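Listed here are the chains, written in short residue letters.
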Amino acid sequence: MSEYVSTRVPSNTSNDNIVSPWRFCTAPMMDWSDRHCRYFWRLLTNNARLYTEMVTTGALIHGDRDRFLRFDERESPIALQLGGSNSDDLARCAKWAEDWGFDEVNLNCGCPSDRVQNGAFGACLMGEPELVRDGVKAMRNACTIDVTVKHRIGIDHMESYEELCHFVGTVAEGGCKVFIVHARKAWLKGLSPKENREVPPLNYPWVYQLKQDFPELSIVINGGIETLDDCDVHLPHVDGVMLGRSAYHNPWILAEVDHRLFGEPKELRYREDIIEAILPYVEKELGSGARLNQITRHLLGLYQEVPGAKRYRRLLSEQAHRPGAGADVLRAAVNEVMQLAA
């Protein structure tokens, strides 16, 4: 196992009274966790740490930086996930992340898509821990915000727990203190990104063991976690949990996070309260040129398992994309649900 210099980080396993800043996180999800989605999620939970979609260093250096880095201050705490492998580029982008107000910059070492592999970053970086270490070190030297890494438990040829430890230990030498671990291997050849989220078996014990073998690091577990009951199972073993698609498809889960996982007083909340809270944001964004469906597509799951949910989704799906669609479409969709509840 590689030697590394580390500083003690609060851990759920060392002191149950200490809550890690990474206790509950929402996953970076391409085409889903954009700024409209994150604003909506923040109305449901104050304490969750929110992650952007993955943004490549090339997109920030050569593209529309404002488009990728702009977010509402209410979204904090928020992390920017970067895709890249060149240390100089990562350092530049990490500094921009800090300048724009992000609380964290996260390096993607877990995405298995062909496009990412062709760019020599994502999950394939697990095979080059020294390169990741150097990138982390460059980012830490360029900014003062947290620099973290999200990765798998292995890739194609990595079959042993010892290889996972070598990756984590080597990257920690660069100053990374927080590792978000998707508890599946990634098969870089032969499986699609969707299959890589479902086919490789989950191995939670390896992630738990990482926390035991690297007690000074914060270890966050990801993969196959769908409910807050699942979170309760994992949290005695690690510092945090990360939910992805389950939170997107049924976002009302997030309304219980602050009470269940952070000990805040339980509030009597209704989905209609969330809609009322987001309406001023919708009006503001429409006034700035956004289309209604760019926002409401993230709200389709809000009434999951509630009578009238199908009518709510259908109205939004049919109406929100039309030119000139306004907030009245969202109000009408909610009224469809309320009529059934009356």
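See the structure above.
Description of the structure in this document. These figures come from a predicted structure and were not determined experimentally.

### Regarding the overall build of the protein
A count of helices and strands for the protein gives 16 helices and 8 strands. In summary, the protein has a C-alpha radius of gyration of 20 Å against a globular reference of 20 Å for 342 residues, a match within 12%. Based on the C-alpha atoms only, the size of the protein along its principal axes is roughly 60 × 45 × 40 Å. Counting every position in the protein, which comprises 342 residues, the buried fraction comes to 54%.

### Let's talk about the sheet that holds strand β1 (residues 24-26)
A sheet is described by the order of its strands in space; here 8 strands give the open sequence β1-β8-β7-β6-β5-β4-β3-β2, paired in parallel fashion. A strand with exactly one partner marks an edge of an open sheet, and here the two such strands are β1 and β2 (50-56). On average, adjacent strands in this sheet sit at an angle of 25° to one another, irrespective of strand direction. Of the strand pairs in this sheet, β2 and strand β3 (residues 78-83) are connected by 5 bridges, and their pairing is parallel. Within β3, the position partnered with Tyr-51 by the bridge is Ala-79. Helix α7 (residues 161-172) contacts β4 (104-109), β5 (146-155) and β6 (178-186) of the sheet and is inclined by roughly 165° relative to β5. Across the sheet, helix α9 (residues 204-213) touches β5, β6 and β7 (218-222), and the angle it forms with β7 is around 170°.

### Quick look at unusual backbone geometry
Working note: non-glycine residues mostly have negative phi, and peptide bonds are mostly trans. The step from Ser-76 to Pro-77 runs through a cis peptide bond, and the omega angle for that step is 0°. Here Pro-77 is to be found in the loop between α3 (65-69) and β3. The phi dihedral of Asp-31 is positive, around 70°, even though this residue is not glycine. Here Asp-31 shows up in the loop between β1 and α1 (35-44). For Glu-305, which is not a glycine, the phi torsion comes out positive at approximately 70°. Tracing the sequence through the fold places Glu-305 in the loop between α14 (292-296) and α15 (309-319).

### Section: the packing of helix α4 (residues 87-100) against helix α6 (residues 129-142)
Between α4 and α6, whose axes approach to 8 Å, the crossing angle comes to 35°. Note that α4 runs across α6; the crossing there is right-handed. Counting all contacts with α4, which are made through Ser-87, Leu-90, Ala-91, Ala-94, Lys-95 and Glu-98, the residues of α6 involved are Asp-134, Gly-135, Ala-138, Met-139 and Ala-142. The residue inventory of the contact of α4 with α6, partitioned by class, reads 6 nonpolar, 2 polar and 3 charged.

### Digging into the pattern of salt bridges
Inspection of every chain in the model, using the stated rule, returns 16 salt bridges. Measuring nitrogen to oxygen at the nearest pair gives 2.7 Å for the salt bridge that ties Glu-75 to Arg-38. Here Glu-75 is found in the loop between α3 and β3, whereas its partner Arg-38 is found in helix α1, with 37 residues between them in sequence. The residues Glu-75 and Arg-38 share a single accessibility class, namely buried. Between Arg-260 and Asp-229 there is a salt bridge, with the nearest N and O atoms lying 2.9 Å from each other. Of the two residues, Arg-260 sits in helix α12 (residues 257-262) while Asp-229 sits in helix α10 (residues 228-234), which places them 31 residues apart along the sequence. Under the relative-accessibility criterion, Arg-260 is labelled partly exposed at 33%. A relative accessible area of 51% places Asp-229 in the exposed class.

### Focus: the packing of aromatic side chains
As enumerated under the stated definition, the model contains 6 aromatic pairs in all. Measuring from ring centre to ring centre gives 4.4 Å for Trp-32 and Tyr-248, while their planes differ by 15°; the resulting arrangement is stacked. In this pair, Trp-32 is assigned in the loop between β1 and α1 and Tyr-248 in helix α11 (residues 245-249), connecting sequence segments 216 residues apart. For Trp-32, a relative accessible area of 23% gives the class partly exposed. One aromatic cluster in this structure is built from Trp-32, Trp-41 and Tyr-248. Sitting over the face of the ring of Trp-187, Lys-185 holds its NZ or CZ atom 4.4 Å from the ring centroid. Above the ring of Trp-32, the side-chain terminus of Arg-245 is found at 5.0 Å from the ring centroid.

### A word on α4
Taking 1.5 Å as the rise per residue, α4 with 14 residues should run 20 Å; its terminal C-alpha atoms sit 20 Å apart, in good agreement. Every buried residue belonging to α4 is among Leu-90, Ala-91, Cys-93, Ala-94, Trp-96 and Ala-97, and all of these are buried. Taken together, the buried residues of α4 touch α2 (57-62), α3, β3, β4 and α6. Sitting at the head of α4, Asn-86 places a side-chain oxygen 3.0 Å from the backbone nitrogen of Asp-88. Downstream of α4 by a residue or two, Gly-101 has a phi angle that is positive, lying close to 105°.

What counts, and where the lines are drawn
Residues numbered from 1 in each chain as written. Predicted model: local features only at pLDDT ≥ 70, side-chain atom pairs only at ≥ 80, totals over all residues. Heavy atoms only, no water. Helix = DSSP H or I, 4+ residues; strand = E, 2+ residues; numbered from the N terminus. Rg over C-alpha atoms; globule rule 2.2 N^0.38 Å. Buried < 20%, exposed > 50% of the residue type's maximum accessible area, 1.4 Å probe, protein only. Pairing = 2+ DSSP bridges. Axes fitted to C-alpha atoms, helices over the stretch in contact; angles between N-to-C directions. Contact = heavy atoms within 4.5 Å. Left-handed = near helix turned anticlockwise from the far one by under 90°. Nonpolar A, V, L, I, M, F, W, Y, C, P; charged D, E, K, R; others polar. Salt bridge = Lys/Arg side-chain N within 4 Å of Asp/Glu carboxyl O. Phe/Tyr/Trp six-rings, centres within 6.5 Å; stacked < 30°, edge-to-face > 60°. Lys NZ or Arg CZ within 6 Å of the ring centre and 35° of its normal. Expected span 1.5 Å × (residues − 1). Polar contact = N/O pair within 3.5 Å; in protein donor to acceptor, adjacent residues only side chain to side chain.

That's the geometry; what it means functionally is another story.
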